[in-house]
Amino acid sequence: MPPDVPGNGAAAVKSAREVLVSVTDLKKHFPIMQGVFRRQVGSVKAVDGVTFDIYRGETLGLVGESGSGKSTTGRVILQLDKATSGSVTFEGQDLSVLSPGDMRRLRPQMQMVFQDPHASLNPRMTVSSIISEPLREHDQGNGDDRDERVDELLGLVGLAPKHANRYPHEFSGGQRQRIGIARAIALNPDFIVCDEPIAALDVSIQAQVVNLLENLQDLLSLTYLFISHDLSMIRHIADRVAVMYLGRIMELAECNRLYTRPKHPYTRALLSAVPVPDPQLEAVRRRVILQGDIPSPANPPPGCPFNTRCPMAQELCVAEVPEWRQLESGHWVACHFAEETPDTSVTTASSGPILTESE
Amino acid sequence: MTNPNPILEVKDLQTQFHTQDGTVHAINGVSFVLNKGEFLGVVGESGSGKSVTMMSLLRLIPIPPGEIVSGQAMFEGRDLITMEVDELRTVRGGRIGFIFQDPLTSLNPVLTIGYQIMESLQIHTDLSDKGREERAIELLKLVGIPGAKKRLDSYPHELSGGMRQRVMIAMSLACSPRVLIADEPTTALDVTIQAQIIELIRDLREKLNTAVIWITHDLGVIAGLADRVLVMYGGLIVEEAPVAELYANPQHPYTEGLLGSIPRLDQKGSKLVNIKGQPPNLYEKPTSCPFAPRCPYVFDRCREENPPLISISESHATACWWDMDNKRPRNAS
Ligand SMILES: Nc1ncnc2c1ncn2[C@@H]1O[C@H](COP(=O)(O)OP(=O)(O)OP(=O)(O)O)[C@@H](O)[C@H]1O
Ligand SMILES: Nc1ncnc2c1ncn2[C@@H]1O[C@H](COP(=O)(O)OP(=O)(O)O)[C@@H](O)[C@H]1O
Ligand code: SF4
Ligand code: SF4
Ligand SMILES: [Mg+2]
Ligand SMILES: [Mg+2]
């Protein structure tokens, strides 16, 4: 049954945590081609060297602004895109060296739920055939077994058996997302990348889908990489959180710690920018307002990727890429001056001294 | 609390769209008041009628398929709904400015932003060429665009999303409007850029004392901006209250559910409230409470009569038959 405090359940209290997915210095650069001869003139550094582990049973939240490389990270981990360099291991096996046959055998254990429930479901297939497609692809059971499994899956995601023979357009966005989730869990996966699974949904429907994902996690012992730009939702659902900016991870820590004592100047600015639905609190909150825009990942600044907007930047920040290091056990950060950021929250009123102040 | 100084008074606005699938009852009798200098937030999920309300009172609804079936929108003593089109044009973009969600679709891609701002100044002011250019530069500076003079020659695609939204704001302010209508102006932006725009609006409000209507689906965005909030559902205003009152003491089951269903950045809360079901489809005119199929408090009367907005204090009104505080049906006719 779901714990009272969702996302803070079994995984967080388990003492010896087992690494399910391990990502090391992962890069994905997309070539930029130009001219008649389609010569490569540069590259988009969508993911530019990220290193982290995902523990079995946890939800790792991956947050960042648009274009920071979240989706690409998710796709490369699942081998839906080929990495430029670096490695991904799943249960200790290096995925990049697996043969296509071995990868195919491993595939059922790793699934994805997509942002857009409209685009990700084939409009010409019935719900039943959409959900059972992975079962057929992986030769699981005969026709009757599969029908039975489809009924079971529909029940799990809160749809009725009568929905099996309908088409996606007959469903609302939230229901379509449930169909996508049923499909993702059809093969009993261990690990699911949820890429903005609620971003396209109405506010009142988002909670339905998040509650469903939380219940399924407990019921089926799932591990999630939960990608989102919604920092409030990530706080609700994640056990640990990684913050991405321009293809790199800036900070990674246990959820409550990241939200209450962020150490990276970008995390602090990002958190302080999020409005809270509480007029009293908003009236007294002070904000870190960043100047300027996010640089293009085709042309990131030298040194620390955040140095063009960072209120704490110094010469060293342009000269050297900050090392990805552990500040305290489990609290990772990529900033030369992380020790110097104030040890205070930016989400609540008692924010203490912050970097730049607006009124 | 009530400001006796309305600048815009909307009464019983009803708009429908006659489509192949039938008639969409997009808004079904929307009435509200905007006071001078006031910041009015309008929240509701997609399809609740926020945009149609504002487009209707500006008469920007495509007709057909749209039809403004009834209503009045009194602005400075004149009704926008029945006003001659020529006169309306001078009001729109002049005394009433507006900003829409996606600046790419509302800026003309083949004209420089300088041209577009100066064009609006030409329609609404009698400034000289030179005066218009000076004013355009001043406006771009006002909204925090660096190198304003050089930026006059830029095309919309050469700017980032946040910069384009700043240009839109500059344009909407070009003629010192008394009312500014902003329809989800930050929804398409990243959160650090949204924070910049919100800061800008806060700042401009103090400087210009313009009344603002700010539409959003994000209850966080208006919490720190609005004086008063309207909540829309199924083409109706279902609750209206001063901002602090609305969040602390919601009196409509939908508002209550919505506030419970959103997680908060500043605390790790418990399980999110599930509002079961889905928003209504609008193919039929509501004859019962549009929230009834999803409402945890529903009782007989809700299915028989659509509740009007009922005042429960001087400044707080809710369209609901159930008295949530006293846990009993409301005494209202
Ligand atoms: N197939 C591709 N070819 C070229 N560039 C790409 C490709 N896929 C992604 N990119 C670029 O890589 C960068 C990271 O993209 P990605 O989709 O991973 O970002 P994201 O963090 O998921 O953003 P969003 O929040 O908008 O979904 C972007 O600049 C994007 O334009
Ligand atoms: N041009 C149109 N043709 C048909 N229906 C429309 C049109 N514009 C809006 N609608 C319908 O009107 C209703 C309210 O829409 P809108 O005001 O845009 O909602 P929102 O609250 O998201 O701004 C929706 O059901 C929408 O589909
Ligand atoms: S390394 Fe320098 S520029 Fe980068 S976040 Fe830290 S202080 Fe800022
Ligand atoms: S009128 Fe009835 S159904 Fe509608 S919101 Fe109130 S209690 Fe619920
Ligand atoms: Mg993405
Ligand atoms: Mg709208």
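Now for a quick tour of the structure. (Residues numbered from 1 in each chain as written. Chains lettered and ligands numbered in written order. Predicted model: local features only at pLDDT ≥ 70, side-chain atom pairs only at ≥ 80, totals over all residues. Heavy atoms only, no water.)

## What about unusual backbone geometry?
Residue and element names in this part refer to chain B. Of the consecutive residues isoleucine 63 and proline 64, the connecting peptide bond is found in the cis state with omega at -20 degrees. Among the structural elements, proline 64 can be located in the loop between helix 1 (50-57) and strand 4 (66-75). A cis amide bond, omega 10 degrees, links proline 64 with the succeeding residue proline 65. Along the chain, the position of proline 65 falls in the loop between helix 1 and strand 4. (Helix = DSSP H or I, 4+ residues; strand = E, 2+ residues; numbered from the N terminus.)

## Some points on the packing of aromatic side chains
Residue and element names in this part refer to chain A. Evaluation of the coordinates by the stated rule reveals eleven aromatic pairs over all chains. Each ring, one from tyrosine 245 and one from phenylalanine 306, has its centre 5.2 Å from the other, and the planes form 85 degrees; the classification is edge-to-face. Placement of tyrosine 245 in strand 9 (residues 240-245) and of phenylalanine 306 in the loop between helix 11 (279-284) and helix 12 (315-319) is noted, with a sequence separation of 61 residues between them. Residue class for tyrosine 245 comes out buried when judged on its relative accessible area of 1%. For phenylalanine 306, a relative accessible area of 0% gives the class buried. (Phe/Tyr/Trp six-rings, centres within 6.5 Å; stacked < 30°, edge-to-face > 60°. Buried < 20%, exposed > 50% of the residue type's maximum accessible area, 1.4 Å probe, protein only.)

## Considerations on the sheet that holds strand 8 (residues 211-216) of chain B
Residue and element names in this part refer to chain B. Strand order in the open sheet formed by eight strands is 6-7-8-3-9-10-12-11, and the pairing between neighbours is mixed. The strands lining the two open edges of the sheet, one partner per strand, are strand 6 (96-99) and strand 11 (310-311). Two strands pair when backbone bridges link them, and strand 3 (residues 39-43) and strand 9 (residues 228-233) are joined in this way by four bridges, in the parallel orientation. Note on strand 9: the bridge partner recorded for valine 42 is leucine 230. (Pairing = 2+ DSSP bridges.)

## Some thoughts on the site of ligand 4
Surveying the vicinity of ligand 4 reveals 13 residues, the closest of which are Cys289, Cys295, Cys302, Cys320 and Trp321 of chain B. The residue inventory of the shell around ligand 4, partitioned by class, reads twelve nonpolar, one polar and no charged. (Near = heavy atom within 4 Å. Nonpolar A, V, L, I, M, F, W, Y, C, P; charged D, E, K, R; others polar.)

## Some thoughts on the environment of glycine 174 of chain A
Residue and element names in this part refer to chain A. With respect to the element layout, glycine 174 can be found in helix 6 (residues 173-185). Spatially, the C-alpha atoms of glycine 174 and proline 117 are 8.0 Å apart, while their sequence positions differ by 57 residues. With sequence-adjacent residues up to four places away left out, glycine 174 is seen in contact with Leu201, Ile205 and Val209. (Contact = heavy atoms within 4.5 Å.)

## A few points about helix 4 (residues 127-137) of chain A
Residues and elements named next belong to chain A. Most of helix 4 is tucked away: eight of the eleven residues are buried. Those residues of helix 4 not exposed but buried are Val127, Ser128, Ser129, Ile130, Ile131, Ser132, Pro134 and Leu135. Those residues of helix 4 hidden inside the fold are in contact with helix 5 (143-156) and helix 6. Taken from the residues just after helix 4, aspartate 139 is the one with a positive phi, measuring 45 degrees.

## Some details on helix 6 of chain A
Residue and element names in this part refer to chain A. Under the 1.5 Å per step criterion, the end-to-end length of helix 6 is 19 Å for 13 residues, consistent within 8% with the ideal 18 Å. Counting buried residues along helix 6, twelve of its 13 residues qualify, which places the element largely inside the surrounding structure. Against the buried residues of helix 6 lie strand 6 (110-113), helix 4, helix 5, strand 7 (191-195) and helix 7 (203-220). (Expected span 1.5 Å × (residues − 1).)

## A short note on the sheet that holds strand 8 (residues 223-228) of chain A
Residue and element names in this part refer to chain A. The eight strands lie next to each other as 6-7-8-3-9-10-12-11, forming an open sheet whose pairing is mixed. For this open sheet the edge positions go to strand 6 and strand 11 (325-328), each flanked by a neighbour on one side alone. Averaged over all pairs of adjacent strands, the angle between strand axes in this sheet comes to 20 degrees, irrespective of strand direction. Strands in contact with helix 6 are strand 6 and strand 7; relative to strand 6, the strand with the most contacts, it is inclined by about 175 degrees. Of the strands in this sheet, strand 9 and strand 10 (248-254) are in contact with helix 10 (residues 265-273), which crosses strand 9 at around 100 degrees. (Axes fitted to C-alpha atoms, helices over the stretch in contact; angles between N-to-C directions.)

## What to know about the interface of chain B and chain A
Each side of the interface is counted separately: chain B has 43 residues, and chain A has 52 residues. If you sort the residues of chain B by the area they bury against chain A, Leu265, Lys268 and Lys271 of chain B come out on top, with a joint share of 22%. Inspection of the chain B/chain A interface yields one salt bridge. Salt-bridge contacts for arginine 264 of chain B lead to aspartate 278 of chain A; the nearest nitrogen and oxygen are separated by 3.1 Å. Joining chain B to chain A, the criterion identifies 16 residue pairs in polar contact (both at pLDDT 80 or more). Secondary-structure elements contributing two or more residues to the side of chain B that touches chain A are helix 8 (191-208), helix 9 (219-223), helix 10 (243-248) and helix 11 (253-261) of chain B. (Buried area = accessible area lost by both parts, 1.4 Å probe. Salt bridge = Lys/Arg side-chain N within 4 Å of Asp/Glu carboxyl O. Polar contact = N/O pair within 3.5 Å; in protein donor to acceptor, adjacent residues only side chain to side chain.)

## Brief notes about the site of ligand 1
Residue and element names in this part refer to chain A. Taken together, 13 residues sit near ligand 1, with Gly67, Gly69, Lys70, Ser71 and Thr72 positioned nearest. Here an oxygen atom of ligand 1 sits 2.4 Å away from a polar atom, N or O, in the side chain of threonine 72. Coverage of ligand 1 by the protein amounts to 62% of the 640 Å² it exposes when considered alone. Elements with a minimum of two residues in the shell around ligand 1: strand 2 (39-55) and helix 2 (70-77). The biggest single contributor to the shell around ligand 1 is helix 2, with three residues. By residue class, the composition of the shell around ligand 1 is four nonpolar, six polar and three charged. (Areas by Shrake-Rupley, 256 points an atom, 1.4 Å probe, with all protein chains shown as cover.)

## Things to note about the nonpolar core
Residues Leu231 and Tyr259 of chain A are the most contacted members of the largest nonpolar core, which totals 75 residues. Sorting elements by how many residues they give to this core places helix 7 of chain A first, with seven residues. Residues Ile137, Ala148, Cys175 and Ile262 of chain B belong to the second largest nonpolar core, which totals 69 residues. (Core = buried A, V, L, I, M, F, W, Y, C linked by side-chain atoms within 4.5 Å.)

## Some details on a negative patch on the surface
On the surface, Asp144, Asp145, Asp147, Glu148 and Asp151 of chain A cluster together to form a negatively charged patch. On the secondary structure map, aspartate 144 of chain A appears in helix 5. (Patch = residues over 30% accessible without salt bridge, like charges linked within 9 Å, V, L, I, M, F, W, Y side chains within 5 Å. Lys, Arg positive; Asp, Glu negative; His and termini not counted. Charge placed at Lys NZ, Arg CZ, Asp CG, Glu CD.)

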